[in-house]
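Observations on chain architecture
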Amino acid sequence: MIRRPIFAANWKMNKGPSETEDFARALLPHVQHQTFPCDVVIAPPFVSLAKAAEMFGNVTSVALAAQNCSQFDAGAYTGEVSAMMLREFYVHYVILGHSERRAIYGETDEIINAKMKKAREVNLKPIFCIGETLEEREGGKLEEVLRRQVTKGLEGFSEKDMADTVIAYEPVWAIGTGVTATAAQAQEAHAFVRSLIGENFGADTAARIRIQYGGSVKPNNAAELMACPDIDGALIGGAALEAPSFLAIIQNGTAA
Ligand code: PEP
């Protein structure tokens, strides 16, 4: 089974519309009229989605993601953005369950599952983030945490939903810290997550689902991580803020 790798830039709360335009101008010559052996996704903040859609709308090699969506359809939810609204911006993916949303905004597995279901109702593809804290890893709880996040976050998902879902394994201790999981640590966790998908959804779905690694991926470590058999791309924060390093990660990661 050959899985198509997927490289996604998570800009977090960086780059308004004008910086989005600058990034697009730097990236466009390298992605326009190009085909990649992978999917390339950019997740700007909500307010920059319109600019990103304007800049990348005709570029078939680049897809857009949102960084979050509401678990509700519409109504009195000040500050929130629904999954349906995102469809108007040519958004195809939505990042859900990111550790920053879990830790800073108190998103529980149940809330994340409700968001995952809303995303699927409007045919958005979730990039579903999971991962353990350092304390959980050192306390021998890695598998317990991943099992809980996978089981609860994907509760009620059909085979079709799973075909349109990407998982991002992101050890919290590696996000934005410059500390990357070793290839062996990442591979071990990815293989375990794939086995969990097998338990819950069957061997076919497990073999097909793409599992990205996230956590301080840089141009100089992408090749080693992407060479692991169960790693199918990367979710990239800091190193995806500049077009050249995002491109270098894609190039080094797909040459593996
Ligand atoms: C992330 O935010 O998902 C992430 C992996 O960030 P960084 O690459 O900066 O560690």
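Numbering of residues starts from 1 in each chain and follows the order in which that chain's sequence is written. Only residues with pLDDT of at least 70 are given local features in this predicted model, and only at 80 or more are side-chain atom pairs given and counted; all residues enter the totals for whole chains, interfaces and linings. Values shown for side chains rest on all heavy atoms present in the structure; no hydrogens or waters enter the calculation.

Attention now goes to the site of the ligand. Each residue is tested against the molecule or strand, and it is near if at least one of its non-hydrogen atoms lies within 4 Å. Taken together, 14 residues surround the ligand, and among them Lys-12, Glu-170, Gly-176, Ser-216 and Gly-237 come closest. In this structure, His-98 approaches the ligand through a side-chain N or O atom, which is 2.9 Å from an oxygen atom. Pairing of N or O atoms within 3.5 Å defines a polar contact, subject to two protein rules: one partner must be a possible hydrogen donor and the other a possible acceptor, and residues neighboring in sequence count only if both atoms are side-chain atoms.

Moving on to the packing of helix 1 (residues 17–31) against helix 12 (residues 243–255). Inter-axis angles, ranging from 0 to 180 degrees, are taken between N-to-C directions of lines fitted to C-alpha atoms, where helices are fitted over the stretch in contact. Note on conventions: DSSP H or I runs of at least 4 residues are helices, E runs of at least 2 residues are strands, and numbering of each starts at the N terminus. Direction vectors running N to C along helix 1 and helix 12 enclose 35 degrees, while the axes themselves pass 9 Å from each other. Only Ala-243, Phe-246 and Leu-247 of helix 12 make contact with helix 1, whose side of the interface consists of Phe-23, Ala-26, Leu-27 and His-30. Residue contacts are counted whenever heavy atoms from the two residues lie within 4.5 Å of one another.

Within the chain, Asn-123 stands out as a residue other than glycine whose phi angle is a positive 70 degrees. If you trace the backbone, Asn-123 turns up in the loop between helix 5 (109–121) and strand 5 (125–130). Since its relative accessible area comes to 45%, Asn-123 is described here as partly exposed. Positive phi, close to 55 degrees, is recorded for Ser-216, a residue that is not glycine. Note on exposure labels: buried denotes an accessible area under 20% of the residue type's maximum, exposed denotes more than 50%, and partly exposed covers the range between, all computed with a 1.4 Å probe on protein chains only.

Turning our attention to the pattern of salt bridges. Salt bridge, as used here: a side-chain nitrogen of Lys or Arg that lies within 4 Å of a carboxyl oxygen of Asp or Glu. Throughout the structure, instances matching the rule amount to 22 salt bridges. Its salt-bridge partner being Glu-132, residue Arg-137 comes within 2.8 Å of it at the nearest N-O pair. According to the relative accessible area criterion, Glu-132 is buried, its value standing at 0%. Look at the salt bridges and you will find they share partners, linking Arg-3, Arg-194, Asp-230 and Asp-232 into a network.

Counting 73 residues, the largest nonpolar core has Ile-42, Phe-56 and Leu-154 as the members making the most contacts within it. Sorting elements by how many residues they give to this core places helix 9 (residues 183–201) first, with 8 residues. In this view, Leu-154 contacts Asn-113, Met-116, Phe-128, Gln-149, Met-162, Thr-165, Ile-167, Ile-197 and Phe-201; residues no more than four positions away in its chain are not counted. We define the nonpolar core as a collection of buried residues of types Ala, Val, Leu, Ile, Met, Phe, Trp, Tyr and Cys that are connected through side-chain atoms lying within 4.5 Å of one another.

To continue, consider the pairing of strand 8 (residues 233–236). Residue alternation in strand 8 divides its side chains into two sets, Gly-233 and Leu-235 and Ala-234 and Ile-236, and both sets are buried. Alignment of strand 1 (residues 6–10) against strand 8, held across 4 bridges, turns out to be parallel. Bridged to Ala-9 within strand 8 is Ile-236. Two strands pair under a simple rule: DSSP has to find at least two bridges between them. Two strands pair when backbone bridges link them, and strand 7 (residues 210–214) and strand 8 are joined in this way by 2 bridges, in the parallel orientation. Of the residues in strand 8, the one forming a bridge with Tyr-213 is Ala-234.

Note on sheets: strands pair through backbone hydrogen bonds, and any given pair is parallel or antiparallel. Taking strand neighbours around the barrel as the criterion, the 8 strands line up as 1-2-3-4-5-6-7-8 in a closed arrangement whose pairing is parallel. For this sheet, the mean angle separating the axes of adjacent strands, direction not counted, is 25 degrees. Sheet topology note: the strand 6 (residues 166–169)/strand 7 ladder contains 4 bridges and is parallel. From the neighbouring strand, Ile-167 faces strand 7, where its bridge partner is Ile-211. Most of the contacts of helix 7 (residues 142–153) go to strand 5, to which it runs at about 155 degrees, and overall it touches strand 5 and strand 6.

Here the focus is the packing of aromatic side chains. Put simply, two rings from Phe, Tyr or Trp (the six-membered ring, in Trp's case) pair if the centres are within 6.5 Å, and we call them stacked under 30 degrees between planes, edge-to-face over 60, tilted for the rest. In the structure shown here, the tally under the stated rule is 3 aromatic pairs. Considering the side-chain rings of Phe-72 and Tyr-77, the 4.1 Å spacing of their centres and the 5 degrees angle between planes classify their relative orientation as stacked. Overall, Tyr-77 belongs to the partly exposed group, its relative accessible area being 35%. Criterion for a charge above a ring: Arg CZ or Lys NZ at most 6 Å from the ring centre, at most 35 degrees from the ring normal. Taking NZ or CZ as reference, Lys-15 lies 5.5 Å from the ring centre of Trp-11, over its face. Positioned above the aromatic ring of Tyr-105 is the side chain of Arg-101, whose terminal nitrogen or guanidinium carbon lies 4.2 Å from the ring centre.

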